Amino acid sequence: MQGTQVNFVAGSHVWIEDPDIAWVDGVVTKINGQEVEVETTNGKKVVAKLASVYPKDEDAPAGGVDDMTKLSYLHEPGVLQNLAIRYQLNEIYTYTGSILIAINPFQRLPHLYNLHMMEQYKGVPFGELSPHVFAIADIAFRAMVNEGKSNAILVSGESGAGKTETTKMLMQYLAYLGGRKGTEGRTVEQQVLLSNPVLEAFGNAKTVRNNNSSRFGKFVEIQFDKHGRISGAAIRTYLLERSRVCQISDPERNYHCFYLLCAAPQEEIEKYKLGHPKTFHYLNQSNCIELVGVNEAHDYLATRRAMDVVGISQREQEAIFRVVAAILHLGNIQFAKGQEIDSSVLKDEKSKFHLKTTAELLTCDANALEDALLKRVMVTPEEVIKRSLDPDGATVSRDGLAKTTYSRLFDWLVDKINISIGQDPNSKCLIGVLDIYGFESFKSNSFEQFCINFTNEKLQQHFNQHVFKMEQEEYTKEEIDWSYIEFVDNQDVLDLIEKKPGGIIALLDEACMFPKSTHETFSNKLYQTFKSHKRFIKPKLSRTDFTINHFAGEVQYQSDQFLDKNKDYVVPEHQDLLSTSKCSFVAGLFPPVPEETSKTNKSSKFSSIGSRFKTQLQQLMDTLNSTEPHYIRCVKPNNLLKPSIFENINILQQLRCGGVLEAIRISCAGYPTRKTFYEFLNRFGILAPELMEGNIDEKAACKKIIEKMALSGAQIGKTKVFLRAGQMADLDARRALKLSNAAKTIQRKIKTHIARKNFLALYKEAVSMQSVCRGRLAFKIFTRLKREAASLKIQTKHRGHVSRRNYSRLKSSVVLIQAGMRAMAARCAFSHKKRSKAATIMQARWRGHRDYLYLKRLIRAAIVTQCRWRGRVGRKELRKLKMAARETGALKEAKDKLEKQVEDLSLRLQLEKRRRGDLEEAKAQEMMKLQQALEAMQNKVDETNSQLLKEREAAQKAIEEASAIVKETPVPVEDTATIEALTAEMEKLKDMLHSERQRADDAERRCAEIQESSEAKSQKLEETEKKVSQLKESLSRVEDKITNVESENKVLRQQALAMAQNNKLLSRSSRSIMQRVESGKSNVDFRSSSLKTREQTEMEDRPQKTLNDKQQEYHDLLIRCIGQHLGFSRGRPVAACIIYKCLRQWHSFEVERTSIFDRIIQAIGNAIENGGDKIDLLAYWLSNSSTLLLLLQRTLKAGGGAGAAPQHRRSPSATLFGRMTQSFRSTPHEVNLSMLTDDSASDICQVDAKYPALLFKQQLTAYVEKFYGMIRDNLKKDISPGLGQCIQAPRISRANLIRGTARTLANAAAQEILIAHWQGIVKSLVNFLNVLKTNHVPPFLVRKVFTQIFSFLNVQLFNSLLLRRECCSFSNGEYVKAGLAELEHWCYKATEEYAGTAWDELKHIRQAIGFLVIHQKPKKTLDEISHDLCPVLSIQQLYRISTMYWDDKYGTHSLSPDVISNMRILMTEDSNNAASSSFLLDDDSSIPFSVDDLSKSMDRIDISDIDPPPLIRENSGFSFLLPQAN
């Protein structure tokens, strides 16, 4: 691969060969001539030849490169390492130029193939996004559409590499790009995709390397029409492995369909007389019967369903599986020697049973089948000879019939699928997808491997020519000289195989035509013919094998069965037998041969599989040569079929077999290393530092570096530097040497700096130590002096303390003596005063006692004297009363009555007490009764008192009269006491009565209070009832609104049925219908006044034509008016207000038929069509339509539906013409449009809308949504072109390589250029916002627009970041962060009124950029990343960003391996969830608001003072539009 000698130095990083892992890296420790000593990374020291050592790129990105042509060293170990690094990161796709290498991950990766990913790759230039199979399909489709040339995609690889799955992905993406409406239920692409299960069931089998290996080649032609949509398809198959039907080796299996049929439902097994697969000879040759994880019964039903889809009827399916069952039974027929020589018969009864069953399934005669297997007919000119076959010949005949039948069955399936799919004869362009087997080399290689490898040789030649052509195009594009580059070709191998005459296939056909030829004679013929051919090798230990040196290596073939497998003729007996089958399907597989060739066929004319295959292959190559090829090389990473295992040796072998290493050899023959000027200078600018000081051109600087380094053969292109093999390593060695010298200089300076730093530190520490010692000595002296001064002070204080203590003791003694003397004198004086006071008190007490005793005796004597006198007087009076009492009997009776009355009163009082509780319950009623009772009692008491007074007066008179004659005798005073007792009781009763009155008053007062509280509660109850009634009213309004919406929808659903009839009948029968309705109403309601009604109708009909003309005139004037740009009045759109006021004035909302609404909608549509997609025009009409829709939303309510019969006769003004006449004749004051601004406008202004009004509202809603979507999409189109530059920082010439003042100026210029793209986005946002503000678009709609635009920015930037590895760098993160700051500044300036929550929509890209620019990533934990730094991002998104991240500024690493592995575990656990596995975002293009949302967000509009435009201001019919004076 190397064109020149590589110069290695000690310390160079290199690759050397290793028997276990193919290549291992290490460091050169010593060079001895042509040998080099290398210390590998696994600790070994290896000595290798210098020619077998390859340089290693230490500056390669940690995550590998997506295109291996970008590798600094394009060789085997570099390619292998790059693939291994990307495979560990689940990056299974890698480019090699235009070739895609796909490594089978052996696990589900649904996020790579969903609809989001298809949308991302649609129309994107090749190489801009990460490598993907969709990119290959997209470039093929775009080339076909743009250039009108057919394209082909060649998918190759060994068994198990994922060719079939890759083909499915290609088909799905092509169906996504060119899908069309299906005819007869299924689309072409669906039928092509669903044909895979059928072909896999009959053409795939388990091999040593794959459980579902395709044993045939498949070329799918997808045809397209002139519009780029799929119009047809065809499937071509090549070289079905027929021998597998009869012969399989352990642990492989036969074709899947045999095992599926044995697992069919029981009734089908019984019908076909099947059993376990082990009971059939064609299946039990291998011990592998069942596959792990495969449900044969389920797959059988799935295959039947797939056959239904591709158009195979149930009858044909039954016939297909009958043939499959017949082949199984045919294999169980065994033969034994017959009685005659070289004859054979059926071995046993079991063989006879299987023969009979086979005949029944093929619907042919059993005896004829037996003869066809055991005998042959030879036709000679004289006679027809029938001869028998020996058991071996009969076995060969049986197997031949089985292989032929199965081969023709498979061909029939392919033809049936092609017929079902359908082909487009008018199609001129197609995309072919070739799914074909890869190069095969086993321990035992037979005729199938020979044909497969022959196919790969052909394809490799085509591949080499394509790669060389691409190299030529690259060199021509860069305008460099390439004429001396040699082309690596394998034509000699192709001539060895297919040359005619003299090729291996020709010699094989020649050997097959001779009956006595054997594989030994064939091998000897090959040895003689090709003994001097450099590609043909004769093995030393075998007489029949031969070896061919293919492009992928040497393969030894065993020629034992070459002759039998090459024969393709049909035995005439088999043809005659099955062509006459009673089953039309079986007979169709063996159609009768034409009469003119029947005789030659009877003689078994030879037909070769090799020749037929060569012809098919040539046809395929002709097809591929007429198309533009694209290559996909599928690679199987390991033979265990498990994920995350990368076997280096196995993959290298597959890269050789797939031609990838051959393509690398072609590249190495020219210029394998290609670097852009920027990359070259960035890497090797240090070799010529003098060139980096000035502002020299990049191309000139690169040229000077090459000249200085004396690189012969290197060339300078237009944009790249082209280096020959080995020159990159030479430059790296010189760069490493220069870096090593620079490192030594830096180390010397650093060591000097460290030594001086240590000396200064030591000096500083010595000075510090001296200072500390001196300070310590001074401290000790100071301490001594301080202690002396302290001792003197202590002595002074002690002496003073002793003197003060003696003085205090003396003073306290003197004070104590003085106090004692004074206390004794005071106690003596106090005792004298106490005795004097006690004597005085004793004297006072005695005198008082004496005077009290005297007073007491005096009072007692006075009382006794008074008592005796009073007793004497009382006895005299008593005698007088007794005398008077004996004479007054009437007084006694009165007394008795009075006592009875008192008793009655007492009883009543007790009764009233008992009934007190009842009085409290019925206070209002009992109070009256109590008052009446009290009044009665009062009257009686008054009468009694008056009688008592009268009796007393009479008694007093009697006593006075009789006092003179009555003697003084003792009279008892019992009656007087009784009277006094009664009187006292009366007083008590009066008191009780008074208390009862007070209680009654209290009860009345309480009753009044209770009444007041009850009135307050009743008032509150009334208020509550009012609130309930208000709530009921609001509820009823809501119900009315719902009813309106339902009726509106119901009415609109009648549009399709009623519109056609209404349009036809409106012009013809409107007048007659109105007359009939009015006459019908008059007959019902006013039968007695029919004559008057008739006269009134005639009066109406007379001006009808005039009113119609006037109405049309006003309509035309309004349409002309709104067709102009009327502008705005204090933020209110004039056109919307004028339209609404006219419609309200004309009562158009309540009319069942009118054309004004359609004309308004048509006028708006014409204005948009004439104006195009101008943003100012769209904003103008969005403002008008949204305002008009708001007015309609708050005015209209759905009525009883169109055509509902009215309940009363319409007055003349109830018709449309009458209403218009009335509105034209009325003054503007009769219509109060200003009430729309009142809070009660919803109740006052709502009208029952008819069908036209509801339809108009619906159409207006659609226009609002349309205008909104057009404005949003225009803004997206305006900012989309700049998004590609916004996500990736543009490269500035060499600003970061320049030093000094020039660097400062260059950086300033670079910063302006970098931020220009983001400023372009911001400028677009500012312009759009200004236009929307100028046209007074509601802020609610403006917020929604920018919210969706920022969401679009978030989706596009975030998806681009995840799909482009070059964007996931540290410097690029800083660039995008600066751009996001510009957007944040715009949101701040736009204010929340217009920007809303738009900034929050950028959360994904903000957090992703925050991750890119954060420092110390390896120290971050998964919890910190997923919860603190990037809580919005999913694990899949974090994993992809962290694995794609590379630090191009500081050279730091991404997250730690532990965090990455934890992420991978979480992704594996969640791999079954397809939604969570997708790491791309989806853009939401729906309308994010409803009419109700718009109505709630907009304020009420006052349209009363809108000034009409001049066009209609002077017209008297529009006088109602003039502003009204307050």
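Residues numbered from 1 in each chain as written. Predicted model: local features only at pLDDT ≥ 70, side-chain atom pairs only at ≥ 80, totals over all residues. Heavy atoms only, no water.

The helix and strand inventory of the protein chain stands at 49 helices and 28 strands. Looking at the protein chain as a whole, 45% of its 1526 residues are labelled buried. Looking at the protein chain alone, contacts between residues at least 24 apart form 74% of all its contacts between residues at least 6 apart. Of the roughly 81300 Å² of accessible surface on the protein chain, 53% is carried by carbon and sulfur atoms. (Helix = DSSP H or I, 4+ residues; strand = E, 2+ residues; numbered from the N terminus. Buried < 20%, exposed > 50% of the residue type's maximum accessible area, 1.4 Å probe, protein only. Contact = heavy atoms within 4.5 Å. Areas by Shrake-Rupley, 256 points an atom, 1.4 Å probe, with all protein chains shown as cover.)

Here the focus is the confidence of the model for the protein chain. In this model, the protein chain carries a mean pLDDT of 80, and residues with pLDDT of at least 70 account for 85%. Low pLDDT, under 50, characterises residues 964–974; the predicted model gives this stretch 22 contacts beyond four residues in sequence or across chains. Within the model, pLDDT remains below 50 along residues 1200–1244, and this stretch shows 84 contacts once partners closer than five positions in the same chain are excluded. (pLDDT = per-residue confidence, 0-100.)

Attention now goes to unusual backbone geometry. Residue Pro251 follows Asp250 across a cis peptide bond; omega there is 5 degrees. In this structure, Pro251 sits in the loop between strand 12 (230–238) and helix 6 (256–262). Cis geometry marks the peptide bond from Lys500 to Pro501, where omega comes out at -5 degrees. For Pro501, the position within the fold is in the loop between helix 14 (491–498) and helix 15 (504–513). A positive phi angle is found at Leu641, which is not glycine, with a value near 60 degrees. Relative to the helices and strands, Leu641 resides in the loop between strand 21 (628–635) and helix 22 (648–657). Overall, Leu641 belongs to the partly exposed group, its relative accessible area being 28%.

Below, the discussion takes up the sheet that holds strand 7 (residues 99–103). An order of 6-7-21-8-17-11-12 is seen for the seven strands of this open sheet, with the pairing classed as mixed. Of all the strands in the sheet, just strand 6 (93–96) and strand 12 have a single pairing partner and so form its edges. Taken over all neighbouring pairs, the strand axes of this sheet differ in orientation by 20 degrees on average, direction set aside. Against the sheet, helix 13 (residues 447–478) touches strand 7, strand 8 (151–156), strand 17 (429–435) and strand 21, its axis set at about 115 degrees to strand 21. (Pairing = 2+ DSSP bridges. Axes fitted to C-alpha atoms, helices over the stretch in contact; angles between N-to-C directions.)

Scanning all chains against the criterion turns up 36 salt bridges. We note a salt bridge from Lys56 to Glu58, for which the minimum N-O separation is 3.7 Å. Accessibility expressed as a relative area gives 44% for Glu58, which makes it partly exposed. Notably, a salt bridge pairs Arg236 with Glu221, separated by 3.6 Å at the nearest N-O pair. Residue Arg236 is located in strand 12, and its partner Glu221 is located in strand 11 (residues 217–224); the two are separated by 15 residues in the primary sequence. Where salt bridges share partners, they join Arg215, Glu241, Arg244, Glu252 and Glu440 into one cluster. (Salt bridge = Lys/Arg side-chain N within 4 Å of Asp/Glu carboxyl O.)

Listed as buried for helix 16 (residues 519–529) are Phe522, Ser523, Leu526 and Tyr527. One side of helix 16 carries all its buried residues, which in axial view fall inside an arc of 140 degrees. In the core, the buried residues of helix 16 are packed alongside helix 15, strand 18 (536–537), strand 19 (545–550) and helix 17 (562–566). (Arc of directions from axis to C-beta.)

Once that is clear, we can look at the pairing of strand 3 (residues 35–40). Residues Val36, Val38 and Thr40 point to one face of strand 3 and are all buried, whereas Glu35, Glu37 and Glu39, pointing to the other face, are not buried. Direction of pairing for strand 2 (residues 22–32) relative to strand 3: antiparallel, over a ladder of six bridges. Looking across to strand 3, one finds that Ile31 is bridged to Val36. What sits between strand 2 and strand 3 in their antiparallel hairpin is a turn of two residues, with Gly33 showing a positive phi close to 65 degrees. In the sheet, strand 3 pairs with strand 4 (residues 45–49) via five bridges, with the strands oriented antiparallel. From the neighbouring strand, Val36 faces strand 4, where its bridge partner is Ala48.

Glancing now at the sheet that holds strand 24 (residues 720–723). Taken in spatial order, the three strands line up as 22-24-23 in an open sheet, and their pairing is antiparallel. The open sheet terminates on both sides in strands that have one partner only, identified here as strand 22 (673–676) and strand 23 (715–716). Bridging between strand 22 and strand 24 involves four bridges; their strand directions are antiparallel. Considered in strand 24, the bridge of Thr676 is made with Lys720. Sheet strands touched by helix 13: strand 22 and strand 24. Its angle to strand 24, the strand with the most contacts, is close to 130 degrees.

In this structure the tally under the stated criterion is 38 aromatic pairs. Between Tyr113 and Phe134, the ring centres sit 6.2 Å apart and the planes meet at 85 degrees, which makes this aromatic pair edge-to-face. Here Tyr113, found in the loop between strand 7 and helix 2 (115–121), pairs with Phe134, found in helix 3 (residues 133–147); they are 21 residues apart in sequence, far enough to count as distant. Accessibility expressed as a relative area gives 0% for Phe134, which makes it buried. (Phe/Tyr/Trp six-rings, centres within 6.5 Å; stacked < 30°, edge-to-face > 60°.)

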